[in-house]
Amino acid sequence: MASIQAQTPTADQALGILLTGNQRFVDGDPRHPNQDAARRAALAPGQHPFAVVFGCSDSRLAAEIIFDRGLGDLFVVRTAGHVLGPEVLGSIEYGVGQLGCPLVVVLGHDACGAIRAARTALEEGLAPAGYVRDVVERVTPSVLAARAAGLSEEPDIVDEHIRHTVDLLLDRSPALLGGQTAVVGLSYHLDDGRVRLVTSRGLDDIAAA
């Protein structure tokens, strides 16, 4: 059986692949690449994804669908509100260090329930019960930072949380700062399916909007 491993793209090329696939999704013209039986069989011996996607667990934020990719393309890690913990950091470092992904994507979105819950907790003092409270507490610094910067609109707070997650990821995982790995923050719009670049670290050709 022929190997599926091809030359690993650069971080800029990897982001370009994702943005091109997202445009197909937005246009309603997806190709659904790498989703057939041959691809499944070829992947059995090992995986060679070209990007780590760390996104929110929201059911409307399925990375392989919104970027029009298939099996073996993306190493996906998801938590509510894309909050970081040791298991998340370890998963991302595995994708970079062991699988060789040149790009890490932090994927947030509008109408994020975790952000809204954090805002409610701050404004009304209504903290949720159970471990949901832990999620809210980890999102709260982003909401406070947005307030300090004079930002009150939800899209601005979402962007601030994405930037905060990128900064926190790089601060807690120095291993991601070396080599050819880049980290970007993208925001997904639920209504039209489009992603927008919010922040980037380590890219050569593409600047944040």
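Note: the structure precedes this text.
Residues numbered from 1 in each chain as written. Predicted model: local features only at pLDDT ≥ 70, side-chain atom pairs only at ≥ 80, totals over all residues. Heavy atoms only, no water.

## A few points about the packing of helix α6 (residues 132-148) against helix α7 (residues 154-172)
The condition is simple: Helix axes are fitted only over the stretch in contact, all axes being lines through C-alpha atoms; the angle between N-to-C directions runs from 0 to 180 degrees. Here a strand is any run of E in DSSP of at least two residues, a helix any run of H or I of at least four, and the numbering for each starts at the N terminus. If an angle is under 35 degrees, it is roughly parallel; if it is over 145, roughly antiparallel; if it lies from 65 to 115, roughly perpendicular; otherwise it is oblique. Here a crossing is called left-handed whenever its near helix is offset anticlockwise from the far helix by less than a right angle, and right-handed whenever the offset is clockwise. Residue contacts are defined here by distance: any two heavy atoms, one from each residue, within 4.5 Å place the two residues in contact. Three categories are distinguished: nonpolar for Ala, Val, Leu, Ile, Met, Phe, Trp, Tyr, Cys and Pro, charged for Asp, Glu, Lys and Arg, and polar for the others, with Gly belonging to the last.
Between α6 and α7, the shortest axis-to-axis distance is 9 Å and the interhelical angle comes to 120 degrees. Taken together, the axes of α6 and α7 lie oblique to each other. The chirality of how α6 crosses α7 is right-handed. Between α6, through V139, P141, S142, V143, A145 and A146, and α7, the contact on the second element is made entirely by I157, E160, H161 and H164. Of the residues in the contact of α6 with α7, the class split is 6 nonpolar, 3 polar and 1 charged.

## What to know about the packing of helix α5 (residues 113-124) against α6
Relative orientation and spacing of two packed helices are given, respectively, by the angle between their axes and the distance between those axes. Relative to each other, α5 and α6 sit at 75 degrees, their axes nearing to 8 Å. Relative to α6, the element α5 lies roughly perpendicular. Listed contacts from α6 to A114, I115, A117, A118, R119, A121, L122 and E123 of α5 are V135, V136, V139, T140, V143, L144 and R147. Classifying every residue of the contact of α5 with α6 gives 11 nonpolar, 1 polar and 3 charged.

## Considering the pairing of strand β3 (residues 103-109)
If a strand is regular, its side chains alternate between the two faces of the sheet. Note the threshold: Whether a residue is buried, partly exposed or exposed follows from its accessible area with a 1.4 Å probe, protein chains only, as a fraction of its type maximum: under 20%, in between, or over 50%, in that order. Paired strands, as defined in this entry, are two strands with at least two bridges between them according to DSSP.
Summarising burial for β3: 7 of the 7 residues are buried, a large majority. Because side chains alternate across β3, one face comprises the buried residues L103, V105, L107 and H109, and the other comprises V104, V106 and G108, equally buried. As defined by bridge partners, strand β1 (residues 51-56) adjoins β3 across 4 bridges and the pair is classed as parallel. Along β3, the bridge assignment pairs G55 with L107. Relative to strand β4 (residues 182-188), β3 is paired through 7 bridges, and the arrangement is parallel. Across the sheet, V106 pairs through a bridge with G185, a residue of β4.

## Re the sheet that holds β3
The 5 strands are arranged β2-β1-β3-β4-β5 in an open sheet whose pairing can be described as mixed. Single-partner strands in this sheet number two, and they are β2 (74-79) and β5 (195-201). In this sheet, neighbouring strand axes are inclined to one another by 20 degrees on average, regardless of whether the strands run parallel or antiparallel. In the packing of helix α1 (residues 11-27) onto the sheet, the strands contacted are β1, β2, β3, β4 and β5, and the crossing angle to β3 comes to about 35 degrees. This element, α7, spans β1, β3, β4 and β5 of the sheet and lies at about 160 degrees to β4.

## Side note on the nonpolar core
So the rule is basically this: To qualify as a nonpolar core, a set must consist of buried Ala, Val, Leu, Ile, Met, Phe, Trp, Tyr and Cys residues joined through side-chain atoms within 4.5 Å.
With 56 residues, the main nonpolar core has F67, I92, L103, L107 and L169 as its most contacted residues. Other than its neighbours up to four places away in sequence, F67 contacts L18, G21, N22, L74, L107, L186 and V195.

## Side note on unusual backbone geometry
Despite not being glycine, N34 shows a phi value in the positive range, around 60 degrees. Mapped onto the fold, N34 is located in the loop between α1 and α2 (37-43). By relative accessible area, N34 is classed as partly exposed at 26%. In this structure, D68 is a non-glycine residue whose phi angle is positive, near 50 degrees. Tracing the backbone shows D68 in the loop between α3 (63-66) and β2.

## Some remarks on helix α4 (residues 86-97)
So the rule is basically this: Under the convention used throughout, the expected extent of a helix is 1.5 Å for every residue step, that is, one less than its residue count. Within this analysis, the arc is defined by the directions that extend from the helix axis to the C-beta atoms.
For α4, spanning 12 residues, the distance from its first C-alpha to its last is 16 Å, which sits close to the expected 16 Å at 1.5 Å a residue. Taken together, the buried positions of α4 are occupied by V88, L89, I92, G95 and V96. Taken end-on, α4 shows its buried residues confined to a sector of 125 degrees, consistent with a single buried face. In this structure, α4 carries P86, E87 and G97 as exposed residues pointing more than 90 degrees from its buried face.

## Quick word on the environment of A117
Structurally, A117 is set in helix α5. Along the sequence, A117 and G97 sit 20 residues apart, while their C-alpha atoms lie 34 Å from each other.

## Remarks on the pattern of salt bridges
As a reminder of what qualifies: Each salt bridge in this description consists of a side-chain nitrogen of Lys or Arg and a carboxyl oxygen of Asp or Glu lying within 4 Å of one another.
As enumerated under the stated definition, the model contains 10 salt bridges in all. Among the salt bridges present, the one from R60 reaches D58, with a minimum N-O distance of 2.7 Å. Residue class for D58 comes out buried when judged on its relative accessible area of 15%. The salt bridge partner of R69 is D73, with a shortest N-O separation of 3.2 Å. By relative accessible area, R69 is classed as buried at 13%. A relative accessible area of 4% means that D73 is categorised as buried.

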